[in-house]
Amino acid sequence: MKPAPFIYHNPLTPEDAVSLLASNEEAKILAGGQSLMPMLNMRFVVPDHVIDLNNVTGIDGVTNRDNLLEIGAMTRQCDLMANDLVKSKAPIIPEALEHVGHFQTRNRCTIGGSLCHLDPAAELPCLMAAYDANLTVQGPEGQREIPFIEWPLAYMIPNLAPDELLTKISFRYWSLNHGFGFEEFARRHGDFAIVAVAALLEVDDGKITRAAISIGGANISPVRLVKAEEALIGMLANEDTYKVAADIAQEIESISDAYVTSQYRQRLAGTLVQRALVKAGDRVNRS
Amino acid sequence: MPDIREIQVSVNGEDHSAKVETRTSLGDFLRQNLGLTGTHLGCEHGVCGACTVILDGEAVRSCLMLAVQANGHEVTTVEGLAGEEGELHPLQEAFWKHHGLQCGFCTPGMLTSLVAFLRDNPNPSERDIREAISGNICRCTGYQGIVDATLEAAKVMQGRV
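Treat the numbers as computed from the prediction; the structure is a model and nothing was measured.

(A) Examining the pairing of strand β2 (residues 27–30) of chain A more closely. Residue and element names in this part refer to chain A. When β2 meets strand β3 (residues 49–52), the two strands line up parallel, connected through four bridges. The partner of Leu30 across the bridge, within β3, is Asp52. In this fold, β2 hands off to helix α2 (residues 36–41), which returns the chain to β3; that crossover is right-handed.

(B) Highlighting the state of the cysteines. As enumerated under the stated definition, the model contains zero disulfides over all chains in all. Left unpaired, Cys126 of chain A is separated from the closest cysteine sulfur, that of Cys109 of chain A, by 16 Å. The closest cysteine sulfur to the non-disulfide-bonded Cys103 of chain B is located on Cys140 of chain B, 3.8 Å from its own sulfur.

(C) Structural detail: the domain arrangement of chain B. All names here are of chain B. When the domains of chain B are assigned, the result is domain 1 (4–80) and domain 2 (90–157). The C-alpha-based centres of domain 1 and domain 2 are spaced at 21 Å. Summed over both partners, the interface of domain 1 with domain 2 comes to about 1,100 Å²; 59% of that surface belongs to carbon and sulfur atoms. On inspection of domain 1 and its partner domain 2, the count reaches one salt bridge. For Arg119, the salt bridge is made with Glu58, and the minimal N-O distance between the two is 3.6 Å. If you look at where domain 1 meets domain 2, you find seven residue pairs in polar contact (both at pLDDT 80 or more). For the side of domain 1 that touches domain 2, the secondary structure elements donating two or more residues are β3 (52–55) and β4 (58–61).

(D) Here's a closer look at the sheet that holds β3 of chain A. Residues and elements named next belong to chain A. With respect to topology, three strands assemble into an open sheet ordered β1-β3-β2, the strand pairing being parallel. The sheet is open, and its two borders are formed by β1 (7–9) and β2, each paired with just one other strand. If you compare each strand with its neighbour and ignore which way they point, the axes differ by 25° on average. Lying on the sheet, helix α1 (residues 14–23) is in contact with β1, β2 and β3; it crosses β3 at an angle near 170°.

(E) Up close: the packing of aromatic side chains. Counted according to the given criterion, the structure contains two aromatic pairs over all chains. Geometrically, the ring pair formed by Phe103 of chain A and Phe117 of chain B is tilted, given 6.5 Å between the ring centres and 55° between the ring planes. Note that Phe103 of chain A is positioned in helix α6 (residues 103–106) and Phe117 of chain B in helix α3 (residues 107–120), a pairing that runs across two chains. A relative accessible area of 9% means that Phe117 of chain B is categorised as buried. Lying across the ring of Trp174 of chain A, Arg210 of chain A places its NZ or CZ 3.7 Å from the centre.

(F) How the structure looks around the interface of chain B and chain A. Each partner contributes residues to the interface: chain B has 29 residues there, and chain A has 27 residues. Each partner contributes to the roughly 2,400 Å² buried at the junction of chain B and chain A, and carbon and sulfur atoms together form 56% of this total. By the criterion of area lost to chain A, the three top residues of chain B are Arg23, Leu64 and Gln69 of chain B, representing 28% of everything that side buries. Where chain B meets chain A, there are one salt bridge. With its nearest N and O atoms 3.7 Å apart, the salt bridge here joins Glu44 of chain B to Lys2 of chain A. At the surface where chain B touches chain A, the tally comes to twelve residue pairs in polar contact (both at pLDDT 80 or more). Mapped by element, the contributors of at least two residues to the side of chain B that touches chain A are β3, β4, α3 and α4 (126–132) of chain B. The dominant element in the side of chain B that touches chain A, judged by the number of residues it contributes, is β4 of chain B, at four residues. When the residues that make up the side of chain B that touches chain A are grouped by side-chain class, the tally is ten nonpolar, ten polar and nine charged.

The rules behind these values
Residues numbered from 1 in each chain as written. Chains lettered and ligands numbered in written order. Predicted model: local features only at pLDDT ≥ 70, side-chain atom pairs only at ≥ 80, totals over all residues. Heavy atoms only, no water. Pairing = 2+ DSSP bridges. Helix = DSSP H or I, 4+ residues; strand = E, 2+ residues; numbered from the N terminus. Right-handed = clockwise from strand over helix to strand, strands pointing away. Disulfide = S-S within 2.5 Å. Domains from an automatic or database assignment. Buried area = accessible area lost by both parts, 1.4 Å probe. Salt bridge = Lys/Arg side-chain N within 4 Å of Asp/Glu carboxyl O. Polar contact = N/O pair within 3.5 Å; in protein donor to acceptor, adjacent residues only side chain to side chain. Axes fitted to C-alpha atoms, helices over the stretch in contact; angles between N-to-C directions. Contact = heavy atoms within 4.5 Å. Phe/Tyr/Trp six-rings, centres within 6.5 Å; stacked < 30°, edge-to-face > 60°. Buried < 20%, exposed > 50% of the residue type's maximum accessible area, 1.4 Å probe, protein only. Lys NZ or Arg CZ within 6 Å of the ring centre and 35° of its normal. Nonpolar A, V, L, I, M, F, W, Y, C, P; charged D, E, K, R; others polar.

Printed below as a string of structure tokens:
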């Protein structure tokens, strides 16, 4: 037995999960378990209570409401990859999830777990930044909505009170003929990215009308390349234009760690922004 | 006070009822409570893939699940792959033929992962197979025998050999 002793709770509704969070100190939520279980096994976290969401009803699945995709927090990565709504409305999500862990871990990992764990290099937070997603959390007093830009408070710390539960993620999907590209660099396939880039483009008459570029792994939380997004508007969708964005990406503030310097991350960000935009542009031009 | 629950789990088609401490992983439960030591625990943090079992038809890491979470579910371990008379699963047969193992530590995870994979991808390319086992670490074989075995097992299972 690897984890330190804890008391296990198995709520069946989001309300019960929230009241368990509110009434127990030092409680941890167990979603897919693909990050929490290793941390429990290594005793990096030693909670007194573990609240398992796997039997909670009504917080998984994908729905389409008024051009919004609404995704339950307990929706597993494998189900996102296989979901027809996600594949047709937000095809960048299945493309990015190919990079996340391995198929055995994707069978358990949830979108809500990934967003709450908030690893700086994780793919799902990077995507939700690109979409300006809204996160719905439930607390003892009711629900509140948090735009993604306000979600990361610090390194791996989401904007979530100890008695709050993330229940839903929603975002407005892009036009049917938008282009998309997801690129990342990792030492081994399935590892966390050193840098990851998500790019979305809309083009009209050869000119870019809308762009979103999100960079994961470079800093402590995903960063939107707002300056480059603005610079692209009105320009021709071609490689010279993408170079402008790539040059801006090379200037972003980035972190150093024991393995990779910040300069290396900046170089990677530039290269990957270029590649992701080329991919997005090709896909727009084809449709 | 240890936190103990009673769970009912179907393992390899057999129903089990057991009392477990809630912090027990599914992998430890299979090995220690049920004596099914075919499931191997390597890294115990989800990286090596040796402990992979099939939960309700899907390959999952048994070190990254609590036994109590398997309550009411069906688990298949490597012991459950062979037929009733002990005849090897076509994938096991192919592993034997193509020398898809040396020390054998990773083998249970390879087999359970690939059985689930072949069900969803009955006609995989070599690349698909290498991607499927990218989360299963083997330090002996260099993977070549494993890939060859899986390619052949796919053909056999489709009746193409």
